[in-house]
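# Analysis of the macromolecular model
Each chain, letter by letter, is given below.
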Amino acid sequence: MQPTRRQLLAGAGAGLATGLAGCSGQLTAEGAAFDAAEVSLAASVQSETGYSHYRTEDLTVTREFSRFGFSRSVEVTNSVAEYDKAVDLSLLGQRVQAAIFATLSTPQVDILGKSFNPVAEMSTREIAGMLQEHYENVNDVREDTSFESTVAGETATVTRFTAAATLVELGVSVDIYLYVSEAVELGGDFVVGLAAHPRAFGEERDTVEALLGGIDHG
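Residues numbered from 1 in each chain as written. Predicted model: local features only at pLDDT ≥ 70, side-chain atom pairs only at ≥ 80, totals over all residues. Heavy atoms only, no water.

### A few points about the overall build of the protein chain
The condition is simple: The numbering of helices and of strands both runs from the N terminus, where a helix is a DSSP run of H or I of at least 4 residues and a strand a run of E of at least 2. Note on exposure labels: buried denotes an accessible area under 20% of the residue type's maximum, exposed denotes more than 50%, and partly exposed covers the range between, all computed with a 1.4 Å probe on protein chains only. For the accessible areas, the method is Shrake-Rupley and the probe is 1.4 Å, while residue cover comes only from the protein chains on display.
Along its length, the protein chain carries five helices and 13 strands. In the protein chain, which comprises 218 residues, the proportion classed as buried is 51%. In the structure as shown, the protein chain presents an accessible area of about 9,800 Å², 44% of it carried by carbon and sulfur atoms.

### With respect to the nonpolar core
Definition in use: To form a nonpolar core, buried Ala, Val, Leu, Ile, Met, Phe, Trp, Tyr and Cys residues must be joined to one another through side-chain atoms within 4.5 Å.
Judged by nonpolar contacts, the single largest core of 23 residues is most densely connected at F101, Y179, L212 and I215. Of all the elements, helix α5 (residues 205-213) adds the most residues to this core, at three residues. Core analysis: the next-biggest nonpolar cluster, separate from the first, contains 20 residues, M130, V138, I176 and L178 among them.

### Examining the pairing of strand β12 (residues 189-198)
Operational definition: Pairing between two strands requires that DSSP report at least two bridges joining them.
Buried residues dominate β12, accounting for ten of its ten residues. Where strand β10 (residues 172-181) meets β12, five bridges bridge the pair, whose relative direction is antiparallel. Looking at the pairing, Y177 lines up with H197 of β12. By the bridge criterion, three bridges tie strand β11 (residues 184-186) to β12 in an arrangement that is antiparallel. Within β12, the position partnered with E185 by the bridge is F190. Connecting β11 to the antiparallel partner β12 that follows it, the hairpin turn spans two residues, and G187 within it adopts a positive phi of roughly 50°.

### So, the environment of T207
Heads up, the rule is: Note on contacts: a residue pair is in contact if any heavy atoms of the two residues lie within 4.5 Å.
Relative to the helices and strands, T207 resides in helix α5. Separated by 158 residues in sequence, T207 and T49 have C-alpha atoms that sit 6.3 Å apart. Here T207 is in contact with T49 and Y51, once residues within four sequence places are set aside.

### Structural notes on the side chain of T77
In plain terms, the rule: Side-chain atoms alone can form a polar contact between residues adjacent in sequence; in general such a contact is a pair of N or O atoms within 3.5 Å, and within protein one must be able to donate a hydrogen while the other accepts it.
Residue placement: T77 occurs in strand β4 (residues 70-89). At a separation of 3.2 Å, a polar atom in the side chain of T77 contacts the side chain of D35. Polar side-chain contacts of T77 include one of 2.7 Å to the side chain of T60. T77 has contacts with F34, D35, A36, D58, L59, T60 and P107, leaving out every residue within four places of it along the chain.

Next up, the structure:
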C-alpha cells in the first residue's frame, strides 16, 4: 500500500519559527531587513534514515523595537526545512507520514548596541513549550531524558520529551517522542533541530542523532 501524506505535527517548524521570529537584525534610522541562511539535510543522511524532503519555507515577520526613545521596524526572515518518513502504525491499519524532522534557522541581531537573540538563551524545555503553545494538537509535553549530540557540527544538548499528538487528517491521538535541540550559532544565525515520531516506533535516538548531525547550514 502506498503511503499517504498525513502529518503528525502539521507545520511544526513553521509554528516554532513564528514564535521565535523578530529577534534579530541591525537597526538603522530606516529600519532593517535580515534573512537567515537556508538549512537542509544532507542527501546521504536522507538515504541512511529514510527521511525525505517535504518543504522548505521562508517565514517573514515584522516587529517594532524601541530603545533610548527610538522606535524602528525590523523585518526578519527565518528559514524552515521539513522532512518526514512513512511509518507503520499497526493500530491504524495503514502506513502514514507520521515521523518528522524540522530545522529552523533564524538570524542574529544587535539593536542600538543591545543584543536581542532570545533563542540563544532558551532551554529545550522552553522551546518545546513554545511549540505546544502554537499547536493545539500537541499536548501533555513532559521531559523524559537529555543527552549531548552534534548539531550541524556543533555540540548541543538535546532533550527528549513524551507527548500526545493528533494525526490531523485522521483525528487519532498518538503518543510520541519529541526531540528538541538547543540553538547552535552558525555563521550569523541560530539553528534549532526538532524531531518527532510515535513512541510505538521504538527507540530512535540513533536516527535522531544522525538527522541532527546531517544538518547543512547554507
